[in-house]
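Okay, here's what each chain looks like letter by letter:
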Amino acid sequence: MKAANKQLAEWDAELNQLHERNGDLVLKVQMLEQELKEAQRSREANKNSAPTLAEFLEPADLLNQLKGRRKKSKADLADMQTVLEILSYLEESD
């Protein structure tokens, strides 16, 4: 009988430890869910407030920047317009 009581006491202690661990894990999950929600809200706010690349640059400005960095570039204004169209399409896909 003593051995059975001892075993029950050990199981009870182990069960209490598991309950505490479970409570800690539940709290951690809740904290991580809150952190994720805040990060998602922040990402959405940044995405909505930041101008897109296509809104920032005019094709001529982009071409001038390219020519400033790469003097021998064969790109022209039509190429820059196409690049900006591709970029704006990619942004819409996100």
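Within every chain, residues take consecutive numbers counted from 1 along the sequence as written. In view of the model being predicted, local features appear only for residues whose pLDDT reaches at least 70, and side-chain atom pairs are presented and counted only at 80 or more, with totals across whole chains, interfaces and linings using the full set of residues. Note that the side-chain values use all heavy atoms of the structure and ignore hydrogens as well as water.

What goes into a patch is any residue over 30% in relative accessible area without a salt bridge, connected to like charges within 9 Å or, for nonpolar side chains (Val, Leu, Ile, Met, Phe, Trp, Tyr), within 5 Å. Note on areas: Shrake-Rupley with a 1.4 Å probe; residue coverage comes only from the protein chains shown. Note on definitions: salt bridges are taken to be side-chain nitrogens of Lys or Arg within 4 Å of carboxyl oxygens of Asp or Glu. Together, Ile-86, Tyr-89 and Leu-90 give the surface a local cluster of nonpolar side chains, amounting to about 330 Å² of exposed area. Only DSSP runs of H or I covering at least 4 residues are called helices, and only runs of E covering at least 2 are called strands; the numbering of each starts at the N terminus. Tracing the backbone through its elements, the reader meets Ile-86 in helix H4 (residues 77-93).

Moving on, we come to the nonpolar core. Put simply, buried Ala, Val, Leu, Ile, Met, Phe, Trp, Tyr and Cys residues joined by side-chain atoms within 4.5 Å make one nonpolar core. Exposed residues in this analysis have more than 50% of their type's maximum accessible area, buried residues have under 20%, and partly exposed residues fall in between, with area computed by a 1.4 Å probe over protein chains only. Formed by Leu-57, Leu-62, Leu-63, Ala-75, Met-80 and Leu-84, the largest nonpolar core amounts to 6 residues. At the level of elements, helix H3 (59-69) and H4 are the ones that each hand at least two residues to this core. Every residue pair with non-hydrogen atoms within 4.5 Å of one another is taken to be in contact. Setting aside anything within four residues of it in sequence, one finds Leu-57 in contact with Leu-62, Gln-65 and Leu-84.

Take Glu-20: it is sitting in helix H1 (residues 2-49). Given a relative accessible area of 56%, Glu-20 falls into the exposed group. On a C-alpha basis, the gap between Glu-20 and Gln-30 in space is 15 Å, while along the polypeptide they are 10 residues apart.

This part is about the confidence of the model for the protein chain. Taken over all residues, the pLDDT of the protein chain has a mean of 86, while the share at 70 or more is 91%. Per-residue confidence from the predictor is reported as pLDDT, a score between 0 and 100. Put simply, helix H2 (residues 53-56) is where the protein chain has its lowest mean pLDDT, 60, and H1 is where it has its highest, 91.

Packing of H3 against H4 leaves a shortest axis separation of 8 Å and a crossing angle of 110°. One element, H3, and the other, H4, form an angle in the roughly perpendicular class. Every pair of crossing elements has a handedness; the one defined by H3 and H4 is right-handed. Counting all contacts with H3, which are made through Pro-59, Ala-60, Leu-62, Leu-63 and Leu-66, the residues of H4 involved are Leu-77, Met-80, Gln-81 and Leu-84. Amino acid classes used here: Ala, Val, Leu, Ile, Met, Phe, Trp, Tyr, Cys and Pro are nonpolar; Asp, Glu, Lys and Arg are charged; the rest, including Gly, are polar. Per-class residue counts for the contact of H3 with H4 are 8 nonpolar, 1 polar and no charged. Here an axis means a line fitted to C-alpha atoms, over the contact stretch when the element is a helix, while the angle between two N-to-C directions is reported on a 0 to 180 degree scale. Throughout, the term roughly parallel applies to angles under 35 degrees, roughly antiparallel to angles over 145, roughly perpendicular to angles from 65 to 115, and oblique to all others. It is the rotation of the near helix from the far one that decides the hand of a crossing: anticlockwise by less than a right angle makes it left-handed, clockwise makes it right-handed.

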